[in-house]
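The primary structure of each chain is shown beneath.
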Amino acid sequence: MTSKPQNMDTANQQPNESFTSIENSGDHNPQMGGGLSVIQYWAEHTLSPEGPKLWQTLMHKSACLSCAWGTGGQKGGFTNEVGEKVQRCMKSVEAISAEIQPPVATHFFDQHSIAELQQLSSLEADRLGRLSFPVILRSGNSHYRRIDWEEIYQIAETAFRQPPERVASYSSGRSSNEAAFLLQLMMRTLDSNNLADCSDLCHSPSTVGLKQMFGSGTSMVSLENLKHADCVVLIGSNAPANHPRLMNELIKLRDRGGKIIVVNPVVEVGLVKFASPAFPLTSLLTGSEIASLYLQVKPGSDVALFVGIQKALIEQGLIQTDYLQTHTEGWQDVVDHAQATDWNTILSTCGVSQTEIEVAAQMIGKSQAVVFAWAMGVTQQENGVDNIYSIANTALLTGNAGKPGAGTMPIRGHSNVQGFGSMGVVITDRLKKDIQASLEKLLGRSLSRVPGYDTRRLIDAADAGKIDTLICLGGNLYGANPDLTQAKRALGNIDTVIYLATKPNIGHFNGLAKQNTIIIPVFNRFENPHKTTTESGNNFVRLNDEGHTHLTQADLISEVEFLSELSHRLHGDYPVDWRQLQDTRYIRKLIAQTIPGFEAMAIIDDTLEEFTIGGRIFNQPKFSTSSGQAKMFVTPLPELTSPSVEQFNIPANVSHLALTLITGRSYSQHNTVVYKPDDRYRGMPHRNCILMHAEDAKSAGFAEHQRVTVQGDAGQLDNVEIIFGSVRPGSALMFYPEVNVIFKARIDERSGTPAYKRVPVVVYAN
Ligand SMILES: Nc1nc2c(c(=O)[nH]1)N[C@H]1C(S)=C(S)[C@@H](COP(=O)(O)OP(=O)(O)OC[C@H]3O[C@@H](n4cnc5c(=O)[nH]c(N)nc54)[C@H](O)[C@@H]3O)O[C@H]1N2
Ligand SMILES: Nc1nc2c(c(=O)[nH]1)N[C@H]1C(S)=C(S)[C@@H](COP(=O)(O)OP(=O)(O)OC[C@H]3O[C@@H](n4cnc5c(=O)[nH]c(N)nc54)[C@H](O)[C@@H]3O)O[C@H]1N2
Ligand code: SF4
Ligand SMILES: [Mo]
């Protein structure tokens, strides 16, 4: 690492340009997603010196680290849950490559001050290598120093002996079900409800909305079911980058004559045409058509589009009244609302033409089995839960819930984020009643009714000085939040922050506690000395074999060992023999007793049988609500105002442009971890770019490649390069975590999720 200027405020730090000229991913702006470059990436990595270890890991019997599609597991690293032999996508290779890096050098932390470490970009932080010994940064010190385990436990034990409302956890969805179960049991035994989780920033609106409507917060569609759909509506998802193996299902659907409707303000090239290495003869060279219809909505307007589709379905006589009467509640209000909403309001809100909406309604209404699948484009909105209602209402109006081949399918993010929810890592007012009852039975007392802090509330509480102790099971709480200046300040108000992590990230260097910040290096999924389980977005539980780490002389610990030892020190043998739980078989038995649907966990060590969780997949229109009927909710149309320049205090007499900014992932990053600086599919050569429509740029007198300032309500990024692309006019796209410096997101009240996909900004000439 080269030394950088000290004491620079990272909240205003610009992405490091030295990385922009190297290691990008080849040709930019290809005509289709996927393609030969994917194969090239595979070849380069698997034939390189890291190749043997990479192959060994790919063959290891464990679930892929990357996304929640859930490839891998007991039948071998290349098998999906219906037993098909599939190849892993390159995202899997990317994730493994990062984990099999050499360790951070022994004296690295002695040689580099925190001020220097704070200058690192996400990519640079990840490239430091694997964490391989525990370190602590004490208040007043300038360097992280090595620390021994006994002292860690002493600090942690003291830190957690604070009033329960002043201690908190945050978790990210890569750890195991076993670690997740222990974390929530440790916190609830302390009487704390502050179980923030990355899903609060992600699919929480899906969980909240679906639970109210169907009594179950996850996908009701199994992978097997998806194979029988003849129409998929794909909303707010960039699956070619983030769930690549879903693309193969979409290609097969088109091959069998099915239709795909894409809803997205950005024309993502891979959703138009995708060249999949899984079909070398039919797809790889020529590409496969994906979208039958591409609806380029305005950001944040999906409710208007879906109300429009509902209105068109009603007008075309395509709603299933018998089904609605028998299997749903509240449907008449939804129908009345769609009828009463005039077309002009719908069209001006969503920006899609009536003809396109009517064609979409025809496709949906005339198909036999429609799957509605979505990701962050609709959840990360101020009306995220309404978005989910409006999508699921459309499914119900057409009888597409509770039958094979059809239903609602949130496409989940982290590879075990859904498992964390299942294990009860949620604030207590979102905990399922039956889990609450079994936990109360285990504890022999009722759970605290104090409303806990979800992720955003945790940051606000910490900012207000209400948190003393925080344990982070993975993730990057600092980098994942909006308004990084606030996130940094908030974490800085906490006395003790304990990070469990596999690799360093910018959160470890910027999310520093007031007294002690400890980083504990952990084994990853394919290295744990014991078996673990994870859950895919399709509700399939994977069993992960024990493994080994390539790190020699490393002082790593398993998450399960750390959490159970800390719990033992805090709670003795109440309500369980915590130390016995270091053998994860006992945790699985406890999970089987405590979490409904997971009964098969009790015997999974003997049978090695992975399983689909009970009560989640609806093949009949009998749902898990108290009445068995699905509940429908009216969805008011959002009132979307275009950002006005007056909101921002920008210099006078400069040419400027107010835009609605979408913030999300490039094609070469995993959340806050950046693997490569560029995004070849969107033609963005480095991280500090803004993708905008050529017409918008020209209207303000901007040229492509011009450098501009992008300012939000919390800060600005300078020297940002304009790139022209197929975004909806009036909107633009930038990458997180860097862009999180510039805005304070509005929050969807019902789910707590920030509106990362609709950020008002102004762009002006430097
Ligand atoms: N390789 C890789 N895989 C990943 C991840 C990763 O970072 N890298 N992250 C994982 C995680 S945690 C998650 S949550 C998922 C994220 O997966 P995605 O949700 O696919 O990721 P995003 O980049 O947030 O992009 C969402 C899409 O929503 C669109 N969009 C933006 N605003 C709107 C809108 O108002 N309406 C509609 N309809 N669309 C909109 C954007 O243009 C974009 O195409 O992927 C998971 N898998
Ligand atoms: N502007 C903007 N912000 C966003 C989003 C957006 O679209 N736009 N998306 C949001 C979403 S959907 C999400 S899910 C969050 C992501 O937020 P997080 O989940 O908090 O962040 P990640 O970047 O996924 O965390 C990566 C770190 O996890 C650690 N890690 C990896 N594997 C393991 C493991 O096995 N065990 C442990 N203990 N640690 C491990 C590594 O140290 C790595 O650096 O970001 C959110 N923030
Ligand atoms: S689709 Fe997701 S789970 Fe499957 S191999 Fe790719 S990253 Fe892994
Ligand atoms: Mo996510």
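None of the values given here were measured: they were computed from a predicted structure.

**A look at the nonpolar core**
Counting residues in hydrophobic clusters, the biggest one holds 83 residues, and the most contacted among them are Phe214, Val233, Ile261 and Leu305. At nine residues, the largest contribution of residues to this core is made by helix H14 (residues 302-315). Core analysis: the second largest hydrophobic core is formed by 69 residues, Phe109, Tyr170, Leu458 and Tyr756 among them.

**Let's talk about the sheet that holds strand E17 (residues 532-535)**
One open sheet holds the three strands; their spatial order is E17-E18-E19, and the pairing between them is antiparallel. Each end of this open sheet is capped by a strand with a single partner; those strands are E17 and strand E19 (611-612). Strand direction decides the pairing type here: E17 and strand E18 (residues 540-544), joined by four bridges, are antiparallel. When the bridges of E18 are listed, Thr532 appears paired with Asn544.

**Points about the pairing of strand E27 (residues 731-735)**
Counting buried residues along E27, five of its five residues qualify, which places the element largely inside the surrounding structure. Here E27 shows no split at all, with Ser731, Leu733 and Phe735 on one side and Ala732 and Met734 on the other all buried. Where strand E21 (residues 656-664) and E27 come together, five bridges link them in parallel fashion. When the bridges of E27 are listed, Ile662 appears paired with Leu733. Note: strand E24 (residues 689-692) against E27, two bridges, orientation antiparallel. Bridged to Leu691 within E27 is Leu733.

**Section: the site of ligand 1**
Around ligand 1, 31 residues are found, and the nearest of them are Asn238, Glu268, Gly300, Gln669 and Asn671. In this structure, Asn238 approaches ligand 1 through a main-chain N or O atom, which is 2.7 Å from an oxygen atom. Within the side chain of Glu268, a nitrogen or oxygen atom sits 2.6 Å from an oxygen atom of ligand 1. Taking 910 Å² as the accessible area of ligand 1 by itself, protein coverage stands at 99%. Put simply, the parts of the chain that give the shell around ligand 1 at least two residues each are helix H11 (239-242), helix H19 (376-379), E21 and strand E22 (669-670). For the shell around ligand 1, the per-class residue count stands at 11 nonpolar, 15 polar and five charged. Three or more residues apiece are contributed to the shell around ligand 1 by two domains, here domain 3 (204-412) and domain 4 (645-765).

What counts, and at which threshold
- Residues numbered from 1 in each chain as written.
- Chains lettered and ligands numbered in written order.
- Predicted model: local features only at pLDDT ≥ 70, side-chain atom pairs only at ≥ 80, totals over all residues.
- Heavy atoms only, no water.
- Core = buried A, V, L, I, M, F, W, Y, C linked by side-chain atoms within 4.5 Å.
- Buried < 20%, exposed > 50% of the residue type's maximum accessible area, 1.4 Å probe, protein only.
- Helix = DSSP H or I, 4+ residues; strand = E, 2+ residues; numbered from the N terminus.
- Pairing = 2+ DSSP bridges.
- Near = heavy atom within 4 Å.
- Polar contact = N/O pair within 3.5 Å; in protein donor to acceptor, adjacent residues only side chain to side chain.
- Areas by Shrake-Rupley, 256 points an atom, 1.4 Å probe, with all protein chains shown as cover.
- Nonpolar A, V, L, I, M, F, W, Y, C, P; charged D, E, K, R; others polar.
- Domains from an automatic or database assignment.

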